[in-house]
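Coordinate inspection notes
What follows is the residue order along each chain.
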Amino acid sequence: MRVYLPATTTILRSLVDEGRLTGPLTAFAVTPDLRRFYERSDAEADVEELEYAALLAAARASLRLLDVDPFAARRRVVLSADVPDAAVTPVDDADADAGAVRIAADVALADVASAHIDGAEAEDDVRAAVAVVLEADLGSEDAQFAVDQAEGHELAWYATQEIGPVLELL
């Protein structure tokens, strides 16, 4: 199953150095709940659109990880990985995102298909969003505006073999 793991540059460095991220991990995927959510909204979403929705949910979760990681670059990071279906369980919580899943197993660097990372131009908006993302989660419209500004930046795509060199440039 393709999953989207929220991360930071610190987590990315750990993945490169250790060769794996130790489970259990929280990620996002195209789950039955995510499909139902889009069916209820009368949106005809194909698999690619649903995967993009899961990637965006992971990018939002990356903001929350940045909030507790003062040493990471102020850039959202999402890892796209393929893990065994048996290792993935949907999060059974009414407050959780429709695509939230738990991965019981470790995720090896070899399982990672790509990394998605904000460019330098996003850093100021990401920094501002990190400062208020929890307020946005609680319904603050002003905070949501700051988060929307950060989410307006497209994440750049990197192949697995590019992760190390990208980290060196940060």
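Our structure's up above, just so we're on the same page.
The structure contained in this document is the topic of the report that follows.

Criteria and cut-off values
- Residues numbered from 1 in each chain as written.
- Predicted model: local features only at pLDDT ≥ 70, side-chain atom pairs only at ≥ 80, totals over all residues.
- Heavy atoms only, no water.
- Helix = DSSP H or I, 4+ residues; strand = E, 2+ residues; numbered from the N terminus.
- Rg over C-alpha atoms; globule rule 2.2 N^0.38 Å.
- Buried < 20%, exposed > 50% of the residue type's maximum accessible area, 1.4 Å probe, protein only.
- Contact = heavy atoms within 4.5 Å.
- Areas by Shrake-Rupley, 256 points an atom, 1.4 Å probe, with all protein chains shown as cover.
- Lys, Arg positive; Asp, Glu negative; His and termini not counted.
- Charge placed at Lys NZ, Arg CZ, Asp CG, Glu CD.
- Salt bridge = Lys/Arg side-chain N within 4 Å of Asp/Glu carboxyl O.
- Pairing = 2+ DSSP bridges.

What to know about the overall build of the protein chain
- Assigned secondary structure in the protein chain consists of six helices and nine strands.
- The C-alpha radius of gyration of the protein chain comes to 15 Å, within 12% of the 15 Å expected for a compact globule of 170 residues.
- When the backbone C-alpha atoms are referred to their principal axes, the protein chain occupies close to 45 × 40 × 25 Å.
- Expressed as a percentage of the 170 residues in the protein chain, the buried residues total 44%.
- Taking the contacts inside the protein chain whose residues are at least 6 apart along the sequence as the reference set, 78% of them involve residues at least 24 apart.
- Only carbon and sulfur atoms are counted for the fraction: they give 51% of the accessible area of the protein chain, which is about 9000 Å².
- Counting 13 positive and 34 negative side-chain charges, the protein chain places the centres of these two groups 3 Å from one another.

Section: the environment of Asp17
- Among the structural elements, Asp17 can be located in helix α1 (residues 9-18).
- Residue Asp17 is classed as exposed on the basis of its relative accessible area, which comes to 52%.
- Sequence-wise, Asp17 and Gly152 are 135 residues apart; in three dimensions their C-alpha atoms are separated by 31 Å.

Digging into the pattern of salt bridges
- In the structure shown here, the tally under the stated rule is 11 salt bridges.
- With its nearest N and O atoms 3.6 Å apart, the salt bridge here joins Arg60 to Asp137. Here Asp137 lies in helix α4 (residues 123-137) and Arg60 lies in helix α3 (residues 47-67), a separation of 77 residues in the sequence.
- By relative accessible area, which is 36% here, Asp137 ends up partly exposed.
- Between Arg75 and Glu123 there is a salt bridge whose closest N-O contact spans 2.8 Å. Taken together, the positions of Arg75 in the loop between α3 and β4 (77-82) and Glu123 in helix α4 put the pair 48 residues apart, joining distant regions of the chain.
- Judged by relative accessible area, Arg75 falls into the buried class, the value being 13%.
- Classification of Glu123 as partly exposed rests on a relative accessible area of 23%.

Digging into the pairing of strand β8 (residues 112-117)
- Burial within β8 is extensive, with five of its six residues counted as buried.
- As judged from the five bridges shared by β4 and β8, these two strands associate in the antiparallel manner. Along β8, the bridge assignment pairs Ala81 with Val112.

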